[in-house]
Amino acid sequence: MSVSDTRLGHLTHRFAELEARLASGTLEGADFIAASRDYAELEPIARVAQEIAAMRGELVSLAALDDPEMREMADEELSRIRTELPEAEHRLAIAMLPRDAADVRPAMLEIRAGTGGDEAALFAADLFRMYEKYAAEQGWRVEVVSVNANDIGGYKEVVANVTGNGVFAKLKFESGVHRVQRVPVTESGGRIHTSAATVAVLPEPDEVDIGIEDKDLKIDVYRASGAGGQHVNTTDSAVRITHLPTGTVVTCQDGRSQHKNKDKAMQVLRARLFEAQRDAAQGEEAEARKAMVGSGDRSERIRTYNFPQGRVTDHRINLTLHRLPEVLEGTGLGEMIDALIAEDQAKRLASMDG
């Protein structure tokens with residue numbers, strides 16, 4: 001997808017205007033915040049646009065050069081620019097792809113044990129630790145909102161809030177069914193079992209994005225159960241919130257404080273309702289989204305972690321890494337996520353060109 005000189009000129013001019021406005025020191029409050037946001041979004045595009053405009057200008061100047069003594073040097077420079085220009089134009093095309101407005105948001109990460117009993121719960125805990133380590137590499141913050149553990153260290157369900165730069169943009173392709181093939185610690189015969197856990201990554205809305213009225217909520221409090229310390233069965237700290245119009249139910253019993261558990265449950269509820277709104281709004285684009293890397297459907301099997309062979313396979317892009325320990329440590333996961341993002345960008349570019 002080539003960008004015209006007129007479009008390049010418009011981009012660089014708009015960027016220069018934003019730079020001048022911010023440098024003037026005259027912007028305050030909401031105007032400054034809006035201009036700063038626009039600047040941050042436009043800067044990576046404008047920088048590449050300026051680079052392309054400069055290279056195209058050099059091509060014209062070098063081609064017009066008629067000094068015989070400079071011709072050989074000019075031809076070498078022309079060859080270099082003709083090699084680098086398409087690469088820069090591709091970077092610009094990627095930067096100009098329509099962005100998901102939710103990409104800049106923090107995310108709610110939900111992991112649930114699927115088929116496989118205790119082994120599935122242990123795998124869910126492994127996945128959560130993998131995302132924790134990947135988040136640490138990215139400089140993100142992970143805060144557990146709710147956890148339902150079993151007696152052997154597994155998680156039947158864990159919900160966490162992940163905040164930082166570009167969280168949802170990088171984690172959104174993780175939604176789906178993750179399958180594990182290994183000999184469970186609970187298996188005495190040494191047989192390989194297949195278990196699964198479900199991952200859902202939801203963009204977290206601001207409170208103003210989702211209006212929830214008190215009359216639409218049914219709030220129940222009860223005594224928490226399961227691992228969690230002496231306080232668990234002595235106070236009514238657990239909270240269950242039901243959103244009556246949609247039937248969405250959220251529970252939180254992880255904290256000692258009923259008030260904090262209610263706040264965390266509302267945080268999860270807002271994320272789920274926001275995601276439902278997004279799905280409804282994107283309904284017409286559902287088939288197009290399925291043609292990309294993934295639909296985000298949490299029932300779609302997306303990845304297999306095979307312990308006997310030490311490999312991880314992402315079924316959407318047919319990518320296999322024979323570095324299972326590194327993936328579970330978070331380092332290899334970054335390579336897989338980057339490949340998913342690149343594949344999604346390539347398919348969206350192709351659909352636009354088509």
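Scoring rules and cut-offs
Residues numbered from 1 in each chain as written. Predicted model: local features only at pLDDT ≥ 70, side-chain atom pairs only at ≥ 80, totals over all residues. Heavy atoms only, no water. Helix = DSSP H or I, 4+ residues; strand = E, 2+ residues; numbered from the N terminus. Buried < 20%, exposed > 50% of the residue type's maximum accessible area, 1.4 Å probe, protein only. Contact = heavy atoms within 4.5 Å. Areas by Shrake-Rupley, 256 points an atom, 1.4 Å probe, with all protein chains shown as cover. Axes fitted to C-alpha atoms, helices over the stretch in contact; angles between N-to-C directions. Parallel < 35°, antiparallel > 145°, perpendicular 65-115°, else oblique. Left-handed = near helix turned anticlockwise from the far one by under 90°. Nonpolar A, V, L, I, M, F, W, Y, C, P; charged D, E, K, R; others polar. Pairing = 2+ DSSP bridges. Patch = residues over 30% accessible without salt bridge, like charges linked within 9 Å, V, L, I, M, F, W, Y side chains within 5 Å. Salt bridge = Lys/Arg side-chain N within 4 Å of Asp/Glu carboxyl O. pLDDT = per-residue confidence, 0-100. Expected span 1.5 Å × (residues − 1). Arc of directions from axis to C-beta.

### Observations concerning the overall build of the chain
Here's step 1: Assigned secondary structure in the chain consists of nine helices and 11 strands.
Here's step 2: Looking at the chain as a whole, 41% of its 354 residues are labelled buried.
Here's step 3: Of all intrachain contacts in the chain linking residues separated by at least 6 positions in sequence, the fraction that spans at least 24 positions is 61%.
Here's step 4: Carbon together with sulfur atoms contributes 49% to the accessible area of the chain, which is approximately 18700 Å² in total.

### A closer look at unusual backbone geometry
Here's step 1: The phi dihedral of Asn-318 is positive, around 50°, even though this residue is not glycine.
Here's step 2: Counting through the fold element by element, Asn-318 comes out in the loop between strand S10 (311-314) and strand S11 (319-321).

### Observations concerning the packing of helix H2 (residues 29-63) against helix H3 (residues 68-95)
Here's step 1: Two numbers describe how H2 lies on H3: the axes approach to 9 Å, and their chain directions differ by 155°. Put simply, H2 runs roughly antiparallel to H3. Relative to H3, the crossing made by H2 is left-handed.
Here's step 2: Split into classes, the residues belonging to the contact of H2 with H3 amount to 15 nonpolar, no polar and 10 charged.

### What to know about the sheet that holds strand S8 (residues 248-252)
Two strands in a sheet stick together by hydrogen bonds in their backbones, pointing the same way (parallel) or opposite ways (antiparallel).
Here's step 1: The sheet built from three strands is open, its strands ordered S6-S7-S8 with antiparallel pairing. Strands with a single pairing partner mark the edges of an open sheet, and in this sheet they are strand S6 (217-222) and S8. Each adjacent strand pair in this sheet contributes to an overall mean axis angle of 15°, direction not counted.
Here's step 2: Pairing of S6 with strand S7 (residues 238-243) involves six bridges; the strand directions are antiparallel. The residue of S7 that forms the bridge with Leu-217 is His-243.

### Overview of a nonpolar patch on the surface
Here's step 1: Residues Leu-65, Met-70 and Met-73 make up a contiguous nonpolar surface patch of about 260 Å² in total accessible area.
Here's step 2: In this fold, Met-73 is placed in helix H3.

### Focus on the sheet that holds S11
Here's step 1: The eight strands are arranged S2-S3-S1-S5-S4-S9-S10-S11 in an open sheet whose pairing can be described as mixed. Since the sheet does not close on itself, it has two edges, and those belong to strand S2 (141-149) and S11, each with one partner. For this sheet the average axis-to-axis angle between neighbouring strands, irrespective of direction, equals 15°.
Here's step 2: As judged from the three bridges shared by S10 and S11, these two strands associate in the antiparallel manner. Across the sheet, Asp-314 pairs through a bridge with Leu-319, a residue of S11.

### Things to note about the confidence of the model for the chain
Here's step 1: Of all residues in the chain, 87% have pLDDT values of 70 or greater, and the mean over the chain is 83.
Here's step 2: Of the regions scoring below 50 in pLDDT, residues 284-297 engages in 21 contacts with residues more than four places distant in sequence or in other chains.

### A closer look at helix H1 (residues 5-24)
Here's step 1: Between its terminal C-alpha atoms H1 stretches 28 Å, which fits the 28 Å expected from 20 residues at 1.5 Å a residue.
Here's step 2: Burial in H1 covers these residues: Leu-8, Leu-11, Phe-15 and Leu-18. Looking down the long axis of H1, one finds its buried residues gathered within 100° of arc, a one-sided arrangement. Counted as exposed and oriented over 90 degrees from the buried face of H1: Asp-5 and Thr-6.
Here's step 3: Structurally, H1 contributes buried residues whose contacts are with H2 and H3.
Here's step 4: In the stretch just after H1, Gly-25 is the one whose phi turns positive, near 75°.

### Some words on the pairing of S10
Here's step 1: Neither face of S10 is exposed, since Arg-311 and Thr-313 on one face and Val-312 and Asp-314 on the opposite face are all buried.
Here's step 2: Pairing analysis gives four bridges linking strand S9 (residues 301-306) to S10, with the strands arranged antiparallel. Bridge pairing links Asn-306 to Arg-311 in S10.
Here's step 3: Between S9 and the antiparallel strand that follows it, S10, lie four residues; Gly-310 among them carries a positive phi value of about 60°.
Here's step 4: Turn length for the S10-S11 hairpin, with the two strands adjacent in sequence and antiparallel, is four residues, and the turn residue Asn-318 shows positive phi of about 50°.

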